[in-house]
Amino acid sequence: MTAYLLAISIGPVQEFIAAGRRTSDLYAGSELVARIAREAAEAIGADAELIFPADPQKGAANKILAIVKAGDPAAIARAAEAAAKAHLRGRWDDAQGDVPREVGLALEPARQQIDTFLEFYSAWWPWDGADATYREARRQVERLLAGRKALRDFAQPQKKRPVVKSPLDPSRDSVISDPGKDARSALRLKEGEHLDAVSLLKRVQGRRRPAPSTADIAARAFLATRPNVREVLGKLPAGAVFAERRQELVDEGDLSPEDAARIARAVGRAEPCPYLAILQADGDGIGKHIDALTTPREHREFSERLAAFAQSTDGIVRRHDGHPVYSGGDDVLAFLPVHTALDCAAELARAFEPTGCTLSVGVAVAHFHEPLWVSLGFARAAEAEAKRAGGKCLHLALHLRGGEARAARVAWEDGLDGWRRWIHAFEAGLSAGFPYELGTLAREMKCAALAPDVVRAEAERVLRRKDESEGKQAVGEMADELGEVSTPEDLRKLAERLIVLRWLANAGVSGEGAST
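On a predicted model such as this, the values are computed, not experimentally measured, just so you know.

**Some points on the pairing of strand β1 (residues 3-11)**
Logical step 1: Of all nine residues making up β1, eight are buried, and the element is well covered by its neighbours.
Logical step 2: Strand direction decides the pairing type here: β1 and strand β4 (residues 119-127), joined by nine bridges, are antiparallel. Paired with Ala-3 across the bridge in β4 is Trp-127.
Logical step 3: In the sheet, β1 pairs with strand β3 (residues 63-68) via six bridges, with the strands oriented antiparallel. Bridge pairing links Leu-5 to Ile-67 in β3.

So, in structure tokens, the structure goes:
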């Protein structure tokens, strides 16, 4: 009997997870996607031999590959789709009990949105079961799946009356009317905010399992050096250390005026750094690595290594006082306080090494009041820059309010020791104006054809000049770090990197506000 390789893709994933106004929306979306993928993989595993994921209990991704030795691959694919949709429908049915009646839920449009939300594609290719032909059969089924995904299904809209669009998914109509104040408060709806059915499901799920806000995450850098404030906070929202957030929490009913006053007294005149780090990572060359695998056994072993990494990310992020959002296969999304982001990124990169591939990590530093979709866009852009540079690196982008975006990049093979030495130099007193002087020097040298030793000597002259004022010890230690500079462009990149590292030195050690 002919066997088949069956490939399945389930979507949407990244855009679905990212479509949220609150961090709880993100976490709920991430959990929902992971569970739907697991339900589909387990349904396939009942009638076929799973290759990827090797074990859905240890981690399921939105891509599934299996060997069908007996039975109809089309029927198995339909069963997997039915299992995925049944799980989503079950979650929706369960969530409706927590939707206040006052929101005027449009039941039928909501049901249609839930039933048509998932994008489910499948393809299969005959395979004789021999290791020698596995690689070609897998290529063929992947080609077919890519072709099927290119032929997207477009369902006829069911709109019968004019309704507003959901801002979290503008392709869908809102399924709620204008609710009163109490109903808005129950669903954390802003004035005039409307939600489609899937966004409403995420909001309800997020209310059941609250997640730290971006302000809470940002506050952790400050609290790391203020145990007295942490003690006063207890289980109250950590974001209350910020005066503006404190008032919002009082207005929303999440903080009493008395507690707000106690926290304000504990914080005193300190100005906690209002920035957090959003980390997004992705494996390098995963497709090429999979293409080189020649047998199902090799492919399954690779799947197990990816699953082991995905399982380890939660602990790694939490050890660095962060909060993981998503970890599926080689993808990671997490929120971190700024003072632990570098170490967390480096540990994730090391944890990924046993897969046989390298990790590209983008870290965006953004204000906690930045709209969530904007901050997530910064993180995606940072990861894209890491990829564009050839991968195997960390790209850190600094997005300060009222300032120009700055960025620095380091290859994992070079390690973070060089960055740490500069950070320690700034902590030891190296002038904050030093990077800007190097930047000015780079612009002045740009049009001049100077020998590398001349460029380096000018940079050292600027550094040595600091010897006469502040940071004398730091200057002596950092002169050797200028050895990499040989052109004005090198000098410009160094200046850009030092501006970022100087900001990290301020934010990570003192816990006070920082500015460029």
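More follows now that the structure is in view.
**Focus: the sheet that holds strand β9 (residues 331-337)**
In a beta sheet, neighbouring strands pair by backbone hydrogen bonds and run either parallel or antiparallel.
Logical step 1: As summarised here, the arrangement of the six strands in space is β8-β9-β7-β10-β11-β12, forming an open sheet in which the pairing is mixed. Looking at the sheet topology across the chains shown, the edges are occupied by β8 (323-328) and β12 (406-411). Strand-to-strand, the axes of this sheet are offset by a mean angle of 15°, without reference to chain direction.
Logical step 2: Bridge analysis of strand β11 (residues 393-398) against β12 gives six bridges, and the strand direction is antiparallel. Its bridge partner being in β12, Leu-394 is matched across the sheet by Val-410.
Logical step 3: Lying over the sheet, helix α2 (residues 23-45) contacts β8 and β9, oriented at roughly 30° with respect to β8.
Logical step 4: Packed onto the sheet, helix α15 (residues 372-388) meets β7 (275-283), β9, β10 (359-367), β11 and β12 and runs at close to 145° relative to β10.

**Observations regarding the packing of aromatic side chains**
Logical step 1: The tally for this structure, following the rule as stated, stands at six aromatic pairs.
Logical step 2: A ring pair is formed by Phe-309 and Phe-352, whose centres lie 4.8 Å apart and whose planes are at 80°; its orientation type is edge-to-face. Taken together, the residues Phe-309 in helix α13 (residues 296-319) and Phe-352 in helix α14 (residues 341-352) connect sequence positions 43 residues apart.
Logical step 3: Note on Phe-309: relative accessible area 1%, which makes it buried.

**Topic: the state of the cysteines**
Each disulfide consists of one covalent bond between the sulfur atoms belonging to two cysteines.
Logical step 1: Under the criterion given, the structure shown has zero disulfides.
Logical step 2: No disulfide involves Cys-273; its nearest neighbouring cysteine sulfur is the one of Cys-344, lying 17 Å away.
Logical step 3: Cys-273 sits in the buried class, given a relative accessible area of 3%.
Logical step 4: Free cysteine Cys-357: the closest other cysteine sulfur is in Cys-393, separated by 15 Å.
Logical step 5: Given the relative accessible area of 8%, Cys-357 is considered buried.

**Comments concerning the nonpolar core**
Logical step 1: Among the nonpolar cores identified, the biggest contains 81 residues, and Leu-279, Val-361, Leu-394, Trp-419, Trp-422, Leu-438 and Trp-503 are the most heavily contacted of them.
Logical step 2: Listed in part, the 77 residues of the second largest apolar core include Ala-48, Ile-76, Phe-120 and Phe-335.

**Overview of the side chain of Gln-140**
Logical step 1: Within the element layout of this structure, Gln-140 appears in helix α5 (residues 131-150).
Logical step 2: The exposure class assigned to Gln-140 is buried, which follows from its relative accessible area of 17%.
Logical step 3: Side-chain polar atoms of Gln-140 contact the side chain of Arg-143, separated by 2.8 Å.

Rules used in this analysis
- Residues numbered from 1 in each chain as written.
- Predicted model: local features only at pLDDT ≥ 70, side-chain atom pairs only at ≥ 80, totals over all residues.
- Heavy atoms only, no water.
- Buried < 20%, exposed > 50% of the residue type's maximum accessible area, 1.4 Å probe, protein only.
- Helix = DSSP H or I, 4+ residues; strand = E, 2+ residues; numbered from the N terminus.
- Pairing = 2+ DSSP bridges.
- Axes fitted to C-alpha atoms, helices over the stretch in contact; angles between N-to-C directions.
- Contact = heavy atoms within 4.5 Å.
- Phe/Tyr/Trp six-rings, centres within 6.5 Å; stacked < 30°, edge-to-face > 60°.
- Disulfide = S-S within 2.5 Å.
- Core = buried A, V, L, I, M, F, W, Y, C linked by side-chain atoms within 4.5 Å.
- Polar contact = N/O pair within 3.5 Å; in protein donor to acceptor, adjacent residues only side chain to side chain.

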